[in-house]
Amino acid sequence: MRTALATPVDVSDKAAQTARLDIIDMIPDLQLKLIGEQAMIRNMTWSPLNLVTLQVISRCKIAQHVPLDTPISYTDLSAICSVPEHPLKRLLRHAMTNRLFCEPTKNHVAHTPASRLLAADKKLDSWVFFLVEYFWPATTRAVDAMQKWPGSSNPTEVGVSLIAGEQTTWFKEIAKADRGIASFRDSMAVVSEGEGWQDLYLVENFPWGEIGKGVVVDIGGASGHTSMAIAEAYPDLKFVVQDLHTEGNDVPAHLKERITFMDHDMLNPQPIKDADVYFWRAVLHNHPDSVVLKSFQNLIPALKSGAKIIIQDFGLTAPGEGRLADESYERQVILLYVLSWIFTKDRMMDVMMMSLMNGKEREREEWKALFEEADPRYKWGGAMRPDGSRLWIYTVTWEP
Ligand SMILES: C[S@@+](CC[C@H](N)C(=O)[O-])C[C@H]1O[C@@H](n2cnc3c(N)ncnc32)[C@H](O)[C@@H]1O
């Protein structure tokens, strides 16, 4: 078994990749079979303890303080990280059960590949920071918020506001984070580097070449990584990357002429008129229907006939339609972690969106219905999910 695990899987081999995904899908069933229902539920309730250890590792920069190639004693590490030795030892020994750090000789800590990644990858470090310091506390108040504001789709009626003690939004709170908005952008980039999220799915699955010398507007584009990927492949296109806060963004020198940034709230009218394409990538699932509708309507005065609107986002897998592992991933991003883990996995994203901002993952038909409701001149062009992609690509044409 360990030999098999040590053998890399060639993900370009379709049969090997299918087998890999099927095994991932079956692991929860295997676990359940071996430990039983009661232990499975207890394990779920203990899962926040993983975040306790990740939080101390993140906050005290423990991964960065363990030397990359040699072990360090708990005594020395305690002095460098300012964590008392005894709790440090207990916390790290728990982290080791998750394969973060190891103890090659008694009372000495060394890196594993996973902890070394935390030390070396600044973006992953930012991701862990936002998840343990902002996301996790907000989710602990998510059900309280649902009970206080039943059925709300107001982005301020969420656990984030209960924690802040005032009506606020997730995006306002993270903009104030002590590591700054650039760090949030870094953490978002980690998602885009993840399996099934890569920019290439959008680069390769829209006829960008047919636009010629056109303009593309990337709404909620964060660091602009998607525009940069398309720009590399299509040298005739120019891009405007819009987001709530774009200060501090940078692009490689050879793309500077073609990619510009602009602060823009999509709840205001779109200032870039007559672009060829406007796209939202993994933005609208953060928002309730009322905000999505307003964003579609705010685009209309800027649209020229034939303009394309692209949404790259989830399309919820119906229960039983696909692998439970994929569905679980989508569904966790709304609210009921526990049930979502049991029944589904697309559902992860759905629960996350619900918890943080009353956003939601949508079924394919719901995206179409939102365009129809926004304005009948939006003509639905269909939905496709590239092989291997977690996100669907929805295309609409403006036909006044
Ligand atoms: C999940 S991130 C996705 C970022 C990027 N498109 C990507 O694929 O990595 C959502 C982005 O939407 C931005 N955003 C949220 N509300 C917005 C609004 N009202 N107007 C413009 N951008 C917004 C956020 O600041 C954030 O950068």
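Please read all numbers here as calculations on a predicted model, not as lab measurements. (Residues numbered from 1 in each chain as written. Predicted model: local features only at pLDDT ≥ 70, side-chain atom pairs only at ≥ 80, totals over all residues. Heavy atoms only, no water.)

1. Focus on the site of the ligand
Heads up, the condition is: By convention in these notes, a residue is near a molecule or strand provided one of its non-hydrogen atoms lies within 4 Å of it. Whenever a nitrogen or oxygen atom comes within 3.5 Å of another N or O atom, the pair is scored as a polar contact, on the condition that within protein one atom can donate a hydrogen and the other can accept it, and that pairs from neighbouring residues in sequence are kept only if both atoms are in side chains. Each accessible area value is a Shrake-Rupley result obtained with a 1.4 Å probe; residue values ignore everything except the protein chains displayed when judging cover. Only protein atoms enter the calculation, which uses a 1 Å grid: trapped sets of points that fit a 1.4 Å probe without letting it out are cavities, open sets showing protein on both sides within 12 Å along at least five of seven lines are pockets, and any residue with an atom within 4 Å of a point is a lining residue. Assignment to a cavity or pocket requires that more than half of a molecule's atoms be within 2 Å of the site's grid points.
Around the ligand there are 17 residues in total, and G220, H225, D243, D265 and R281 lie nearest to it. R281 places a side-chain nitrogen or oxygen 2.7 Å from an oxygen atom of the ligand. H287 has a polar side-chain atom sitting 3.3 Å from a nitrogen atom of the ligand. When isolated, the ligand has an accessible area of 600 Å², and the protein chains bury 93% of it. Among the cavities detected, the one that contains the ligand is the second largest pocket.

2. As for the pattern of salt bridges
Going by this rule: The term salt bridge refers to a pairing of a side-chain nitrogen on Lys or Arg with a carboxyl oxygen on Asp or Glu at a separation within 4 Å. Put simply, DSSP marks the helices as runs of H or I at least four residues long and the strands as runs of E at least two long, and each gets a number from the N terminus on. Each residue is assigned to one of three classes by its accessible area relative to the maximum for its type, calculated with a 1.4 Å probe on protein chains only: buried under 20%, partly exposed between the two thresholds, exposed over 50%.
Inspection of the entire model under this criterion finds 16 salt bridges. Ionic pairing is found between K360 and D289, a salt bridge with its closest N-O pair at 3.1 Å. Residue K360 is located in the loop between α19 (347-357) and α20 (364-374), and its partner D289 is located in helix α16 (residues 289-299); the two are separated by 71 residues in the primary sequence. Residue D289 is classed as partly exposed on the basis of its relative accessible area, which comes to 28%. Here K360 ties to E366 by a salt bridge, and the two come within 3.5 Å at their closest N and O atoms. Accessibility expressed as a relative area gives 28% for E366, which makes it partly exposed. One continuous salt-bridge network, built from bridges that share partners, spans D289, K360, R362 and E366.

3. Here's the deal with the pairing of strand β7 (residues 308-313)
The cut-off we apply is this: A pair of strands is considered paired only if DSSP assigns at least 2 bridges between the two. Note on handedness: a crossover is taken as right-handed if, strands pointing away from the viewer, the path from the first strand over the helix to the second is clockwise.
Burial within β7 is extensive, with 5 of its 6 residues counted as buried. Sheet topology places strand β6 (residues 277-281) next to β7; 5 bridges connect them, and they run parallel. Note on β7: the bridge partner recorded for V277 is K308. As for the winding sense of the linkage, the β-α-β connection from β6 through α16 to β7 is right-handed. Sheet analysis places β7 next to strand β9 (residues 392-398), joined by 6 bridges and oriented antiparallel. Following the sheet pairing, K308 is matched in β9 by T397.

4. Topic: the nonpolar core
This is how it is decided: Residues grouped as a nonpolar core are buried Ala, Val, Leu, Ile, Met, Phe, Trp, Tyr and Cys residues, joined through side-chain atoms within 4.5 Å. Pairs of residues are marked as contacts when any of their non-hydrogen atoms sit within 4.5 Å.
Counting 30 residues, the largest nonpolar core has W280, F296, I309 and Y378 as its most contacted members. Among the elements that take part in this core, α16 stands out by supplying 5 residues, more than any other. Setting aside chain neighbours within four positions, we find F296 in contact with W280, L284, I311, L370, F371, A374 and Y378.

5. Things to note about empty space enclosed by the protein
Stated precisely, the cut-off is as follows: Grid points are joined across faces, edges and corners, and a volume is the space filled by probe spheres set on the points. Under the grouping applied here, Gly and all other residues not named as nonpolar or charged are polar, the nonpolar ones being Ala, Val, Leu, Ile, Met, Phe, Trp, Tyr, Cys and Pro and the charged ones Asp, Glu, Lys and Arg.
Evaluated as defined, the whole model comprises 2 cavities of 30 Å³ or more. By volume, the largest cavity is sized at about 40 Å³. Residue lining of the largest cavity: L54, I57, S58, A63, Q64, L118, D125 and V128, and that is the complete set. Contributing elements (two or more residues each) for the lining of the largest cavity: α4 (48-59), α5 (62-65) and α9 (122-140). Of the residues assigned to the lining of the largest cavity, the class counts are 5 nonpolar, 2 polar and 1 charged. There is about 30 Å³ of room inside the second largest cavity. Together, I219, H264, M266, N268, Q270, W280, S295, N298 and L299 line the second largest cavity.

6. Considerations on the environment of G212
Here G212 lies in the loop between α14 (200-204) and β3 (215-219). Sequence separation between G212 and Y234 is 22 residues; the distance between their C-alpha atoms is 8.7 Å. Beyond its immediate sequence surroundings of up to four residues, G212 is in contact with D236 and L237.

7. Things to note about the pairing of β3
Counting buried positions over the 5 residues of β3 gives 4, a clear majority of the element. The pairing of β3 with strand β4 (residues 238-243) spans 5 bridges and is classified as parallel. In the sheet register, V216 faces β4, and the bridge partner there is F239. With 4 bridges connecting them, β3 and β6 associate as parallel partners. Across the sheet, the residue bridging to V216 is V277, located in β6.

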